[in-house]
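# Structural description and commentary
Here's the letter readout for the chains.
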Amino acid sequence: MTTRTSTTLLLARHGQTVWHAENRYAGVSDVPLTGTGRAQAEALGRWAAAHPVDAIWTSPLSRAVVTAEPACRALGLTPRREPGLRECDFGVLEGRTLAEFASEDPAAAAAYRADPVAHPFPGAEDPAAAAARGVAALRRVAARHPGGRVLVVAHNTLLRLVLCTLLSIPAREYRRVFPRLRNTALSELRLAPDGSAALLSLNVPCEPEPRGPSAP
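Each residue is numbered by its place in its chain's sequence as written, counting from 1. For this predicted model, a pLDDT threshold of at least 70 governs which residues receive local features, and a threshold of 80 or more governs which side-chain atom pairs are given and counted, while totals over whole chains, interfaces and linings are taken from all residues. To get the side-chain values, all heavy atoms of the structure are used, and hydrogens and water are removed first.

Turning our attention to the nonpolar core. Buried residues of nine kinds, namely Ala, Val, Leu, Ile, Met, Phe, Trp, Tyr and Cys, make up a nonpolar core once their side-chain atoms join them within 4.5 Å. For the exposure calls, accessible area comes from a 1.4 Å probe over protein chains only, and a residue counts as buried if that area is under 20% of its type's maximum, exposed if over 50%, partly exposed in between. Counting 38 residues, the largest nonpolar core has L9, L11, F121, L138, V152 and L189 as the members making the most contacts within it. We count a stretch as a helix when DSSP gives it H or I for four or more residues in a row; a strand needs E for two or more, and each element gets its number in order from the N terminus. Listed by contribution, the elements that provide at least two residues to this core are β1 (7–13), β2 (55–58), α3 (98–104), α4 (106–114), α5 (127–144), β4 (149–154), α6 (156–166) and β5 (186–191). Ignoring any residue separated from it by four or fewer positions in sequence, one finds L9 in contact with L138, V141, V150, V152, S187, E188, L189 and L191. Of all hydrophobic cores here, the second largest spans 16 residues; its members include L10, W47, A71 and V153. Contacts are assigned to residue pairs with any non-hydrogen atoms lying within 4.5 Å of each other.

Below, the structure is given as structure tokens:
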């Protein structure tokens, strides 16, 4: 008999990549982590060692898989890949910045900024469809671990779309309500068997952020 208890999902965005350092859209392009990104992954591994989870699931894209590796080593877990957790395909914006696109097609860029769901980039994946597949993926993960704690390493835009959908926030507001998920920061989501969701924390650094020198 299945235990009718909620599953706690610790959602983490992957570490910094060579494109994100320049604010370029990576989407489905498989770009590697920077040195900073690898250090962020190691920090996530230290967090996992101190806050054990029952399983680790990742997007199939290498930047997510590599980010999860230190946590897997720390806990002796094998990462499980969920295709539905891949990032959105950004079409013509793959590898480019929004500023570059706006300089070429200011009207299309303005429409995207006003409503990124109704006006996605040319050739991009339908954001509503991406949100639906992401939600379905998280629900599959939760169903595999009833009552458990699971680390999920995925992507900035997909996770923001998913959070809006699960929390009954219009998806078109994802860029305003959730401006950015920090690399390897954690957001705690509780998913119940009836499909309801509760966001318990958002964008919490996996390690304390460095503080500047004290004021004299």
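Still more ground to cover, so stick around.
By secondary structure assignment, the location of T157 is in helix α6. Those residues in contact with T157 that sit more than four places away from it in its chain are E87, C88, F90 and Y174.

Let us look at the sheet that holds β4. At least two bridges found by DSSP between two strands are what make those strands a pair. Within the open sheet, the six strands sit side by side as β3-β2-β4-β1-β5-β6. Their pairing is mixed. One side of each edge strand has no neighbouring strand; the edge strands of this open sheet are β3 (80–81) and β6 (197–204). Two elements, β2 and β4, share four bridges in a ladder whose sense is parallel. Of the residues in β4, the one forming a bridge with I56 is L151.

All right, on to unusual backbone geometry then. Positive phi is not limited to glycine here, since N23 has a value of about 65 degrees. Counting through the fold element by element, N23 comes out in the loop between β1 and α1 (35–50). Notably, S168 is not glycine yet its phi reads approximately 60 degrees, a positive angle. Structurally, S168 is set in the loop between α6 and α7 (174–177). With relative accessibility at 68%, the residue S168 sits in the exposed group.

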